Amino acid sequence: MAFLQFKAVLLSICYALFLKAVLVVSYDGSRSDNLAVYWGQNSYGATHPDQANWQKSLSAYCQDDVINAIPVAFLHVFFSTGGLPEINMANSCSSNGGVFPGTSLANCQSLAADIKACQAKGKIITLSLGGATGAATFTSDAQAQTFATTVWNLFLGGSSSTRPFGDAVLDGVDLDIEGGSSAGYAAFVTKIRSLSSGASKKYYMTAAPQCPFPDAYLGAVLNAVAFDAVYVQVTKTVFFATEVYNNWCGLTNFNNPNAWNFGQWDNWAKTVAINKNVKIFVGAPAAPSAAGSGYVDAVTLGNIAKSTRAQYSSFGGNGRFDVAIKNAMGGSVVVPPPTTTPPTTPPPTTTPPTTPPPTTTPPTTPPPSGGCAGVAAWNSGIAYTGGQQVTYNGRLWTAKWWSQADTPGGPAGVWTDNGACLAKVATANTVAIGKPAAAAIDGDANKKSAVQARSEGSDTNIRRFSRFFRR
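All values reported here derive from a predicted model rather than from experimental measurement.

**Things to note about the state of the cysteines**
On inspection of all chains with the given rule, the structure shows four disulfides. The residue that forms a disulfide with Cys372 is Cys421, at a sulfur-sulfur distance of 1.6 Å. Between Cys372 and Cys421 the sulfur-sulfur dihedral comes to about -70 degrees; the bridge is accordingly left-handed. Within this pair, whereas Cys372 is found in the loop between helix H8 (324-327) and strand E13 (383-384), its partner Cys421 is found in the loop between strand E17 (415-420) and strand E18 (442-443), the two being separated by 49 residues in sequence. For the pair Cys372 and Cys421, one class covers both residues: buried. Bonded cysteines in the chain are paired 1-4, 2-3, 5-6, 7-8 when counted in the order they occur along the chain.

**Some remarks on the environment of Asn91**
You can see Asn91 is positioned in the loop between strand E5 (86-87) and helix H2 (112-120). Residue Asn91 is classed as partly exposed on the basis of its relative accessible area, which comes to 29%. In this structure the C-alpha to C-alpha distance between Asn91 and Gly40, which are 51 residues apart in sequence, comes to 8.0 Å. Separated by 3.3 Å, the side chains of Asn91 and Gln55 make a polar contact.

**Points about the environment of Ala199**
In this fold, Ala199 is placed in the loop between helix H4 (185-196) and strand E8 (204-207). In this structure Ala199 comes out as partly exposed when scored by relative accessible area, which is 32%. It is 7.9 Å that separates the C-alpha atoms of Ala199 and Gly157, two residues lying 42 residues apart in sequence.

**Some remarks on the pattern of salt bridges**
Tallying each qualifying case throughout the model produces six salt bridges. The salt bridge partner of Asp266 is Lys270, with a shortest N-O separation of 2.9 Å. Taken as a pair, Asp266 and Lys270 lie in helix H6 (residues 262-271) at a separation of four residues, close to a single helical turn. Sharing partners across several salt bridges, the network here consists of Arg193, Lys202 and Asp228.

**Some details on H4**
Compared with an ideal rise of 1.5 Å per residue, which puts 12 residues at 16 Å, H4 spans 17 Å between its outermost C-alpha atoms and is within 8% of the ideal. Among the residues of H4, Tyr185, Ala187, Phe188, Val189, Ile192 and Ser196 are the ones counted as buried. The elements touched by buried residues of H4 are strand E6 (124-131), helix H3 (141-155), strand E7 (172-177), E8 and helix H5 (219-224). Downstream of H4 by one or two residues, Gly198 has phi in the positive range, about 85 degrees.

Criteria and cut-off values
- Residues numbered from 1 in each chain as written.
- Predicted model: local features only at pLDDT ≥ 70, side-chain atom pairs only at ≥ 80, totals over all residues.
- Heavy atoms only, no water.
- Disulfide = S-S within 2.5 Å.
- Helix = DSSP H or I, 4+ residues; strand = E, 2+ residues; numbered from the N terminus.
- Buried < 20%, exposed > 50% of the residue type's maximum accessible area, 1.4 Å probe, protein only.
- Polar contact = N/O pair within 3.5 Å; in protein donor to acceptor, adjacent residues only side chain to side chain.
- Salt bridge = Lys/Arg side-chain N within 4 Å of Asp/Glu carboxyl O.
- Expected span 1.5 Å × (residues − 1).
- Contact = heavy atoms within 4.5 Å.

So, in structure tokens, the structure goes:
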């Protein structure tokens, strides 16, 4: 079944733009030089068999001083066996490695030491809920409040005999809701706030809406309760910030005032948000393969960040999805800042239209037939990620997000029909090549999770970008 969109590269990156070179280690929500990275979905491993570049341990990424916030992804099923939720962190921890008796809740207590080691370095580790799953919904406020208590006891400051991370106490909750409805989420956040009131540490609440304003699933929630940070996804990929990857309001349309709508989010933060100090992050794919489109290189992203920060005081940074990409990025190569300057004409402060510009509207008709050469047949035993293609019943299909055992053309609606193949294609009995069994369950390269080969230099791009913007 389709659990989550391939949303694993949601690195939220805040940049100390226009400041002297500053290396930030501890998370400080009032700053604009924080870097947040989604961890848990092993997006690189989704399509690459070379395990040397698969997702590393959580503590490995905490050695990187430019990262100071890590949402762990995902808790993707709210109510499962025994009334407890399910979590899946791909090759790092999932139900395949063992669950608590009478539940489907993975026992990930081996991660406790890593979590505490990261926190000792001043980094915040939060739990990301949702992804592209249909099992992250509430039927009522009462149910949402009960679930908030469950999350508090299992992951935050409460107590339970079935704590997946043992005695490690996470620093908050991230809402990456990409399906269902907004019902109950305001009550959920309010309950978490109530439970954490008076606690000895601060607990953070973040959200990762899509950049079209208002977000379909989180818009009403964002207006109703206080959030500490909003990771706007400007490209439909995995990111705990506003995701703008393949969206019409994405990075590639930064110079189009009719499309780039950060001004709307800034206005929301200052005039509508309950917490007027909320920070808005720009979610960006960490590599070209992290999104079907919408990727920009580190230099371009840096210029966009600097220009946006100069114009909007709510700017909190940028976000990138899934640290698994960092393994294939090519190390810590640092490239000097370019001599080019950021765009001299920032987008106007006027509110852009809420509908996408005609030039960015995707075609409504499928691509021409005949593009099935070399595409393997769909296989129910393979987990596919957003953007991967298969053939089935003589037609070409493209996955919208992460999926396994969902038949193309079936009721789950996971696959886009790209039309009939003109040439003879493999049958459904053909063994297809897919992602390793230990790869991520989060199918949306969104918030939060692009896949990238070593040659794409993702890790290099992240460092190049963060170093450039902290000058």
